[in-house]
Protein chains: 2
Amino acid sequence: MVYAAQGDPRRTLSLLWRGDDPPESRPGPRPTLTVDEIIATAVSVADAAGTAGMSMRTVGKRLGRTAMALYTYVADKHELLDLMYDHVHAELTADADPADWRGALTAWAEELWEFYLRHPWVLSISPARPILGPHETAMTERLLRVLQPLDLPSPTLRGVTSAVIFFVQGNARAMADARAAAQDTGQSDDEWWAARAPHLMELAGDFGTRFPLLTRLEADHTPSEGEPYLERDARAAFTVGLGVLIDGIAAAR
Amino acid sequence: MVYAAQGDPRRTLSLLWRGDDPPESRPGPRPTLTVDEIIATAVSVADAAGTAGMSMRTVGKRLGRTAMALYTYVADKHELLDLMYDHVHAELTADADPADWRGALTAWAEELWEFYLRHPWVLSISPARPILGPHETAMTERLLRVLQPLDLPSPTLRGVTSAVIFFVQGNARAMADARAAAQDTGQSDDEWWAARAPHLMELAGDFGTRFPLLTRLEADHTPSEGEPYLERDARAAFTVGLGVLIDGIAAAR
DNA sequence: ACCGACACTTTACGCCATAAGGAGTGGATG
DNA sequence: CATCCACTCCTTATGGCGTAAAGTGTCGGT
């Protein structure tokens, strides 16, 4: 069996780390697009419609081009996704505060959480292996700067950084999923639950005795005002969980 | 705009909570398949080829049927995925140990981590809203039992449970992605890095000074023996991170 | 003036989920 | 026993997807 070489690594890397070099003069018609334009358009399509709604055709159409025109600038869709992925990470800036690592870490995590809610499609790109772009790398470096005052040994530091990142991603994904569901189905959290609860009780009448702790936990909700309850839960869980995680990190010092 | 009603909620729920009721006699030819058979086959396809390789056609073919034949048993692919999702969660059994909540929680998390590595496609199903199946519900209930000795207030408990689950999922995803990449590309972690490192150094010669902490952290690796290094990193990060998280939970008591 | 590299297009292929409609089956009813 | 029709399963078709292949026209370098 022959394996796809996953494109030319050199090509993708040089696009990821491209500077704004002057366009060298070459024979043939002048390019009328730029990779940056394509990336920006693709990002805006994905922000609005998710990865599912971002096809080469839709991006091309938004630029007044066919899908195939993009292939002169970008090797394939996978490469475009990698470029989009790293590109948006440039929005992140939260950095260390040597005097208050807890505050800095909280700020770092909250910035990332808001970032994922702005660009939820980022969470649906699974980088089979690290993408190695400059902006995500910079984000990681800043997380290490945030944690530097703790002076953790390397293996602990690796565990802590990945735990923080996964924690934020998981929470943001739950939040984003809840929002997307509401938008896609046109059904609020309450309507969704109202359409299921009676059937669930009929099909699993012993729910309360079979899952007593879960039942009690769900019942113990203060009524939510305004914000849909799945979203409110996700937000609250993020805040609480982050505090717990930070306490654990403090204990690891 | 008209929104898809996301299928009949009653229908999906009654399949999720179906017992083994005797097949009522109905006119027409006897069904030659069962929902359970279809689910089991779909799971085995997904285990081997991921969600991407699991199409209605492939599942049908494995059962000696066309894709369309499945639609007599299952409303659509989304419903089948929901059923598969809950079905595999029946494999999980880790439960509380009132005398040792830390040990029980560690065991619970490790079981889940191994489960995700056995069925990595589960992580690529994004339940827009909770699926509400019996087996995932049971898993959550057991997590609550594990944490019961801590007697946490409800909001804290919600934050802790989601933090634990997201932590395991994130780590397992990283591990599964690394494995899938190796399998799909036929390239080991070392080969992958060897094909990129020189280009990265050429394109970003200042990498070491621009990202000093990350560079130092990466350099501080004991050589890995046998296991591919991305996988080894993921495994180590899981173990360390779990300890940190548990310390944080202990502090929240 | 012309060559050839290049941007961009059209067309086509093989996937996907699934809608529509037709063929044959067999339990319930007369 | 004959009929009916709910039912399973099939074939065919639609509109999406990523992208291969090949054609058209452009324009800088020689």
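Being a predicted model, the structure only gives us computed values, none of them experimental.

**Q** How do you make sense of the confidence of the model for chain A when you look at a structure like this?
**A** Regions with low pLDDT carry predicted coordinates that are not meant to be interpreted in detail. When pLDDT is averaged across chain A, the result is 92; 97% of the residues are at 70 or more. Within the model, pLDDT remains below 50 along residues 1-5 of chain A, and this stretch shows five contacts once partners closer than five positions in the same chain are excluded.

**Q** What exactly am I supposed to notice about the domain arrangement of chain A here?
**A** Where interface size is given, it is often the accessible area lost as the parts come together that is meant. Residues and elements named next belong to chain A. Taken domain by domain, chain A holds domain 1 (9-88) and domain 2 (93-252). Distance between the C-alpha centres of domain 1 and domain 2: 30 Å. A buried area of about 1400 Å², summed over both sides, lies between domain 1 and domain 2, and 67% of it is on carbon and sulfur atoms. The largest per-residue losses of area from domain 1 upon contact with domain 2 belong to Tyr-85, Asp-86 and Val-88, which jointly make up 45% of the total buried on that side.

**Q** Just checking my understanding: could you explain the interface of chain B and chain A for this structure?
**A** Listed per partner, the contact involves 77 residues of chain B and 77 residues of chain A. Taking both partners together, chain B and chain A bury about 6600 Å²; carbon and sulfur atoms supply 69% of that area. Broken down residue by residue, the surface that chain B buries against chain A is led by Trp-17, Arg-129 and Arg-158 of chain B, which jointly contribute 12%. One can count four salt bridges joining chain B with chain A. Put simply, chain B and chain A have 18 residue pairs in polar contact (both at pLDDT 80 or more) between them. Of all the elements in the fold, those that place two or more residues in the side of chain B that touches chain A are α1 (9-16), α6 (134-147), α7 (154-185), α8 (189-203), α9 (207-210), α10 (212-219) and α11 (229-252) of chain B. Sort the elements by how many residues they give to the side of chain B that touches chain A and α7 of chain B lands first, with 22 residues. Looking at the side of chain B that touches chain A residue by residue, the class counts come to 42 nonpolar, 21 polar and 14 charged.

**Q** Honestly, the protein's contact with DNA strand D in this entry has me stumped. Any pointers?
**A** Near DNA strand D there are 24 residues, and of these Ser-25, Pro-29 and Arg-57 of chain A together with Thr-32 and Tyr-73 of chain B occur at the shortest range. Near the protein, meaning within 4 Å, the atoms of DNA strand D are sugar or phosphate in a fraction of 66%, with bases accounting for the rest. Here Ser-55 of chain A contributes a side-chain N or O atom positioned 3.0 Å from a phosphate oxygen of DNA strand D. Between a phosphate oxygen of DNA strand D and a side-chain N or O atom of Lys-77 of chain A, the distance comes to 2.8 Å.

**Q** Explanation requested: α10 of chain B in the structure shown.
**A** Residue pairs three or four apart in sequence face the same way in an α-helix, which turns once every 3.6 residues. Residues of α10 of chain B that are buried include every one of Leu-213, Leu-214 and Leu-217 of chain B, and no others. With its buried residues spanning 95 degrees around the axis, α10 of chain B presents them on a single face. Of the exposed residues in α10 of chain B, the ones pointing more than 90 degrees away from its buried face are Arg-216 and Ala-219 of chain B. Buried residues along α10 of chain B sit against α6 (134-147) and α7 (154-185) of chain A.

**Q** Would you mind showing me how to read the relation of the copies chain B and chain A here?
**A** One copy of the chain maps onto the second through a rotation about an axis and a displacement along it. Expressed as a screw operation, the relation of chain B to chain A combines 0.0 Å of axial shift with a rotation of 180 degrees, fitting to an RMSD of 0.0 Å. One copy is carried onto the other by what is essentially a two-fold rotation axis. Closest to the rotation axis within chain B is the C-alpha of Gly-248 of chain B, separated from it by 1.8 Å. When the interface residues of chain B are mapped onto chain A, 100% of them are again interface residues, pointing to one common binding face.

Cut-off values and rules
- Residues numbered from 1 in each chain as written.
- Chains lettered and ligands numbered in written order.
- Predicted model: local features only at pLDDT ≥ 70, side-chain atom pairs only at ≥ 80, totals over all residues.
- Heavy atoms only, no water.
- pLDDT = per-residue confidence, 0-100.
- Contact = heavy atoms within 4.5 Å.
- Domains from an automatic or database assignment.
- Buried area = accessible area lost by both parts, 1.4 Å probe.
- Salt bridge = Lys/Arg side-chain N within 4 Å of Asp/Glu carboxyl O.
- Polar contact = N/O pair within 3.5 Å; in protein donor to acceptor, adjacent residues only side chain to side chain.
- Helix = DSSP H or I, 4+ residues; strand = E, 2+ residues; numbered from the N terminus.
- Nonpolar A, V, L, I, M, F, W, Y, C, P; charged D, E, K, R; others polar.
- Near = heavy atom within 4 Å.
- Buried < 20%, exposed > 50% of the residue type's maximum accessible area, 1.4 Å probe, protein only.
- Arc of directions from axis to C-beta.
- Least-squares fit on C-alpha atoms with pLDDT ≥ 70 in both.

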